[in-house]
Amino acid sequence: MKKLFVLLLALAISPVSIALADAPAASQELLWASDGEANVPYVFHDPAHESQMTGFEYELVNEIAARMHRKAKFIQNDWDGLIPGLSRGLYGMVLDGIEMTPEHKAAVLFSRPYYVTSERIIVRHDQSGLDTMDALKGHTVGTIKDTTAERMLRRQGGSNVRSYEEETNAFSDLRNGRLDAILLDAPIALYYGSISPDMKLVGEPIGSMEYGIAFSPENRALRDQVDAALGEIIQDGTLHRILARWNLWTPLMANYTGDNSQPDIAPTEWDHYRQAMANTTGSGWHVLVRRYVSFLPLIGQAALMTLAVSALAMVLAVALGLLLALARHYGAAPLRFVAGVYVEVVRGTPLLIQVLFIFYGLPAFGIRLSPFMAGVLSLGLNYAAYEAENYRAGLLSVPRGQMEAAIALNMTHWQALRLVIVPQAFRTVVPVMTNDFISLLKDSSLVSVITLTELSQTYVRLSSTYYDYFGTGIMVGLAYLLLGLPFVRLARMAERRLGRGFSGTGHH
């Protein structure tokens, strides 16, 4: 068992985790972050090669890093965690189509704009008449939360606005008739709406907004270096060439950069994406089989991460839970009070809040943990409170006479606990503890918010890339089932062999 935990730990601590735990060691690397799970065409996994990252922002950062004589290193983080991770020092900068609004400028330091765009309306192919903002009044319109598009819709009023975390969910609802239209940034509209035969872009571009690279307010020196490199890229036409290959060069960009040239640049990346999606979204059984087989390595790696985090967290929960139970049952009054407060506070607050607090809050006190260690610690500390109550119930189930008999045999109180009471209590709670591990296995999905790629995040990435929530969901669900099934069997065996109650009651 000890060798198993060592192996799981070695498999789980990825190079990304090591880099996050010791970022200063990578002084020649330009650490940057984005949410690449469902982020076409900014930063995303190439549908034709799932292990490769691509996107026009991805190319832009690599070009900036080259101009600075550094190597760009990408770090995945959820959208909601990008700016907290920046403040925590996990990386130096963030690119994710972040709009340079007054609110955002008050929170972070921005580079000069690297892209200027507008909003576009997307509807189903058989719809008509919803091609202006006024026409959207009285209809159900989807958009992304905390964006210019959402503010425009709410400021205008008259529409039933539904805000989404992921744009793919909005397009799914439009396709299924839950939305009448979508208002989104033009790059997203182009890459999601125009390649689907059942959708179309309508009307003229609406408004304008600027994207900027975000930095921590204390990191002005890096901002100035990136700004200088970005200026060179704009000036010598490199940005024009990058955007043209992604079919994203627009009159707005020409006006912003002053580059009115029309070089003969084929939209190769745009064509590659459309072809990749055509190859992977076919309806034939051979297409589906090939796609699902290609998912197996990614799901396997995510399953190992899920198992590693869960197993190590359960070890911590068992050890700490036993100490808490002993403290509440046998400790002095102050110790009982502290243990009781811990159990009630942890059980009374959401696990997600605890995960975010440990990862993003503790650095304020000088405690910086890698995502892997933060995930293990948060899950372990949370489940320790529940295990403590299980063990306390187990201790109460041991007859009082057991302690008296041990003392009569000249055992000390500690020896009696260690050799007589605790083993009997432990046998009683083994089935419950095994069931708790299965629950912990599923709750490990919450660590995806602190950059760990486990099963649930892999499901989000694959389903949003291929618009396949059914087949991918079945595969990921089976992975969870296969991970938990051995422990279900173990729980049943434990119930049969060790679940016998003990006669007698009383406090010892």
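Given the structure is predicted, the values throughout are model-derived calculations rather than measurements.

This part is about the side chain of Gln127. Positionally, Gln127 belongs in the loop between strand E7 (115–124) and strand E8 (140–144). Since its relative accessible area comes to 14%, Gln127 is described here as buried. Not counting chain neighbours up to four residues away, the residues in contact with Gln127 comprise Leu174, Asp180 and Lys200.

A few words on the packing of helix H3 (residues 56–67) against helix H9 (residues 220–235). At their nearest, the axes of H3 and H9 sit 9 Å apart, and the two run at 110° to each other. Between H3 and H9, the interaxial angle falls into the category roughly perpendicular. Where H3 abuts H9, its residues Leu60, Glu63, Ile64 and Arg67 lie against Val226, Ala229, Leu230, Glu232 and Ile233. Tallied by class, residues from the contact of H3 with H9 come to 6 nonpolar, no polar and 3 charged.

On to the pattern of salt bridges. Going through the model one piece at a time under the given rule, you end up with 16 salt bridges. A salt bridge links Arg112 to Asp227, with the shortest nitrogen-to-oxygen separation between them at 3.6 Å. Pair noted here: Arg112 is in the loop between strand E6 (109–110) and E7 and Asp227 is in helix H9, with a separation of 115 residues, a long-range link. Residue Arg112 is classed as partly exposed on the basis of its relative accessible area of 37%. Between Arg175 and Asp198 there is a salt bridge; the shortest N-O distance is 2.8 Å. Placement of Arg175 in helix H7 (residues 167–175) and of Asp198 in the loop between helix H8 (186–193) and strand E11 (199–211) is noted, with a sequence separation of 23 residues between them. Residue class for Arg175 comes out partly exposed when judged on its relative accessible area of 32%.

UniProt records the feature "transmembrane region" (unreviewed entry) for residues 302–325, 337–359 and 469–488 in the present numbering. With 100% helix and 0% strand, residues 469–488 has its two end C-alpha atoms placed 27 Å apart.

This part is about the environment of Leu369. Here Leu369 is to be found in the loop between helix H15 (351–361) and helix H16 (371–397). Separated by 10 residues in the primary sequence, Leu369 and Phe359 have C-alpha atoms spaced 6.6 Å apart. Contact partners of Leu369, with chain neighbours within four places excluded, come to Arg88, Ile358, Phe359, Ala374 and Leu377.

Two faces belong to every sheet, and in a regular strand the side chains alternate between them. Summarising burial for E7: 10 of the 10 residues are buried, a large majority. Inspection of the sheet shows E7 paired to E11 by 8 bridges, in the antiparallel sense. Across the sheet, Thr117 pairs through a bridge with Met209, a residue of E11. Pairing analysis gives 4 bridges linking E7 to strand E10 (residues 181–185), with the strands arranged antiparallel. The residue of E10 that forms the bridge with Ile122 is Ile182.

On to the sheet that holds E8. Spatially, E9-E8-E10-E7-E11 is the arrangement adopted by the 5 strands of the open sheet, whose pairing is mixed. Among the strands making up the open sheet, the edge pair consists of strand E9 (160–164) and E11. Strand-to-strand twist in this sheet, taken as the mean axis angle between neighbours without regard to direction, amounts to 25°. Against the sheet, helix H6 (residues 148–156) engages E7, E8, E9, E10 and E11, with an angle of about 150° to E8.

On to the sheet that holds strand E4 (residues 71–76), then. The 5 strands lie next to each other as E4-E1-E5-E12-E6, forming an open sheet whose pairing is mixed. Edge positions in the open sheet fall to E4 and E6, since each of these has one partner strand only. Two elements, strand E1 (residues 29–34) and E4, share 6 bridges in a ladder whose sense is parallel. Across the sheet, residue Leu31 finds its bridge partner in E4, namely Lys73. Together, E1, E4 and strand E5 (93–94) form the strand contacts of H3, whose direction differs from that of E4 by roughly 145°.

Thresholds, definitions, all that
Every chain begins its residue count from 1, and numbering advances along the sequence as written. Confidence filtering applies because this is a predicted model: local features only for residues at pLDDT of at least 70, side-chain atom pairs given and counted only at 80 or more, and all residues used for totals across whole chains, interfaces and linings. Each side-chain value is derived from all of the structure's non-hydrogen atoms; neither hydrogens nor water enter the calculation. The numbering of helices and of strands both runs from the N terminus, where a helix is a DSSP run of H or I of at least 4 residues and a strand a run of E of at least 2. Three labels apply to residues, based on accessible area from a 1.4 Å probe with only protein chains included: buried if under 20% of the type maximum, exposed if over 50%, partly exposed otherwise in between. Here, residues are in contact when the closest pair of their heavy atoms is within 4.5 Å. Geometry is summarised by axes, namely lines fitted to C-alpha atoms with helices restricted to the contacting stretch, and by angles between N-to-C directions that run from 0 to 180 degrees. For classification purposes, an angle smaller than 35 degrees is called roughly parallel, one larger than 145 roughly antiparallel, one from 65 to 115 roughly perpendicular, and anything else oblique. For this scheme, ten residues count as nonpolar: Ala, Val, Leu, Ile, Met, Phe, Trp, Tyr, Cys and Pro. Four count as charged, namely Asp, Glu, Lys and Arg, and the remainder, Gly too, count as polar. Should a side-chain nitrogen of Lys or Arg be within 4 Å of a carboxyl oxygen of Asp or Glu, the pair is scored as a salt bridge. UniProt positions are given in the numbering used here, feature names are shortened, and annotations may be inferred rather than shown by experiment. Strand pairing is assigned whenever DSSP identifies at least 2 bridges connecting the two strands.

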